[in-house]
Amino acid sequence: MSIVTYIGLGSNLGDSKVILTEAVHKLASLGDVKISKLYQSPPMGPQDQPNYLNAVVQLSTDLAPLALLDELQRFEQESGRVRLRHWGERTLDLDLLIYAEEKIQHERLTVPHVGVMERDFVLIPLLDLDPNLHIDGIALKQLPVVQQPTLSVLDAGNWAEI
């Protein structure tokens, strides 16, 4: 039975669009995918780093949450993930944002992802994929951060060529 999950993608080191495109193709090996628009956003952490490219993938998969997390971390490592400092620049960041309706509190994984409700670079791409998405009974499109986003659309088409 396929579970609908949402994976956040981010990159601000290297050729970020190529890195994110490769990540989408790897995610497609785990199940059916739909991709959001591609966005550019200012860094959330230290401001002396490049802007990020961000997107969200809806992934229908048979993998259990921790097995999916293992795959995401493997994909990050294969992309040459570099993480120089907390909330700093990185080649690839893959976050398991939502796993069906499940609430998961594990030493390796928290779902829904911590901070998902405050980050426009996560919420707006999520709404691309499902404009009526709710988390814990809250309609994401009603959140104040969605009303005044700090990100801009870079590519509204099929940027990952799926």
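Residues numbered from 1 in each chain as written. Predicted model: local features only at pLDDT ≥ 70, side-chain atom pairs only at ≥ 80, totals over all residues. Heavy atoms only, no water.

Asker: How would you summarise the pairing of strand β5 (residues 93-99) if you had to cite specific residues and measurements?
Answerer: Of all 7 residues making up β5, 6 are buried, and the element is well covered by its neighbours. Here 6 bridges tie strand β1 (residues 3-11) to β5, and the two strands are oriented antiparallel to one another. Directly across from Gly-10, in β5, lies its bridge partner Asp-93. (Buried < 20%, exposed > 50% of the residue type's maximum accessible area, 1.4 Å probe, protein only. Helix = DSSP H or I, 4+ residues; strand = E, 2+ residues; numbered from the N terminus. Pairing = 2+ DSSP bridges.)

Asker: Can you explain the UniProt feature "domain: 7,8-dihydro-6-hydroxymethylpterin-pyrophosphokinase" (unreviewed entry) in the protein? Please cite residues and give values.
Answerer: Residues annotated in UniProt with the feature "domain: 7,8-dihydro-6-hydroxymethylpterin-pyrophosphokinase" (unreviewed entry) correspond here to residues 86-97. Helix makes up 0% of residues 86-97 and strand 42%, with an end-to-end C-alpha separation of 19 Å. (UniProt positions renumbered as here; feature names shortened; annotations may be inferred.)

Asker: Go over the pattern of salt bridges, please, and point to the residues and values.
Answerer: The tally for this structure, following the rule as stated, stands at 7 salt bridges. Between Asp-93 and Arg-90 there is a salt bridge whose closest N-O contact spans 3.2 Å. Overall, the relative accessible area of 15% leaves Asp-93 in the buried class. Judged by its relative accessible area of 5%, Arg-90 falls in the buried class. Connected through salt bridges with shared partners, the residues Lys-26, Glu-71, Arg-74 and Glu-78 form a single ionic network. (Salt bridge = Lys/Arg side-chain N within 4 Å of Asp/Glu carboxyl O.)

Asker: Tell me about the layout of surface pockets, and please be specific about residues and values.
Answerer: To find the voids left in a structure, one rolls a probe of water-molecule size over its atoms. There is about 740 Å³ of room inside the largest pocket. Every residue lining the largest pocket is counted, 35 residues in all, and those nearest its centre are Arg-90, Asp-93, Asp-95, His-113 and Arg-119. Listed by contribution, the elements that provide at least two residues to the lining of the largest pocket are β1, β4 (52-61), α2 (65-78), β5, β7 (109-111) and α3 (120-129). In terms of residue count, the dominant contributor to the lining of the largest pocket is β5 (5 residues). Counted by class, the lining of the largest pocket contains 17 nonpolar, 10 polar and 8 charged residues. Of the volumes computed, that of the second largest pocket is approximately 210 Å³. The wall of the second largest pocket is formed by 13 residues, among which Ile-98, Ala-100, Glu-101, Leu-133 and His-134 lie closest to the centre. Those elements that provide at least two residues to the lining of the second largest pocket are β1 and β8 (134-135). For the lining of the second largest pocket, the class distribution of residues is 7 nonpolar, 1 polar and 5 charged. (1 Å grid on protein atoms, 1.4 Å probe; cavity = no way out; pocket = protein on both sides within 12 Å on 5 of 7 lines; lining within 4 Å. Points joined across faces, edges and corners; volume = space filled by probe spheres on them. Nonpolar A, V, L, I, M, F, W, Y, C, P; charged D, E, K, R; others polar.)

Asker: With reference to specific residues and values, describe the environment of Val-56.
Answerer: By the element assignment, Val-56 lies in strand β4. For Val-56 and Pro-131, which are 75 residues apart along the polypeptide, the C-alpha to C-alpha distance reads 13 Å. Apart from the residues within four sequence positions on either side, Val-56 is in contact with Tyr-6, Ile-7, Gly-8, Leu-9, Lys-34, Ile-35, Ser-36, Leu-97, Val-122, Pro-125, Leu-126 and Leu-129. (Contact = heavy atoms within 4.5 Å.)

Asker: Provide a residue-level description of helix α1 (residues 16-28), including the pertinent values.
Answerer: Given a rise of 1.5 Å per residue, 13 residues ought to cover 18 Å, and the 18 Å separating the end C-alpha atoms of α1 matches this to within 8%. Within α1, burial applies to Ser-16, Ile-19, Leu-20, Thr-21, Ala-23, Val-24 and Leu-27. Lining the buried residues of α1 we find β1, β2 (31-35), β3 (38-41), β4, α2 and β5. (Expected span 1.5 Å × (residues − 1).)

Asker: Please give an account of the side chain of Ser-60 that cites residues and values.
Answerer: Counting through the fold element by element, Ser-60 comes out in strand β4. Among the residues examined, Ser-60 registers a relative accessible area of 18% and is labelled buried. Residue contacts for Ser-60: discarding those within four places in its chain leaves Ser-2, Ile-3, Val-4, Leu-30, Gly-31 and Asp-32.

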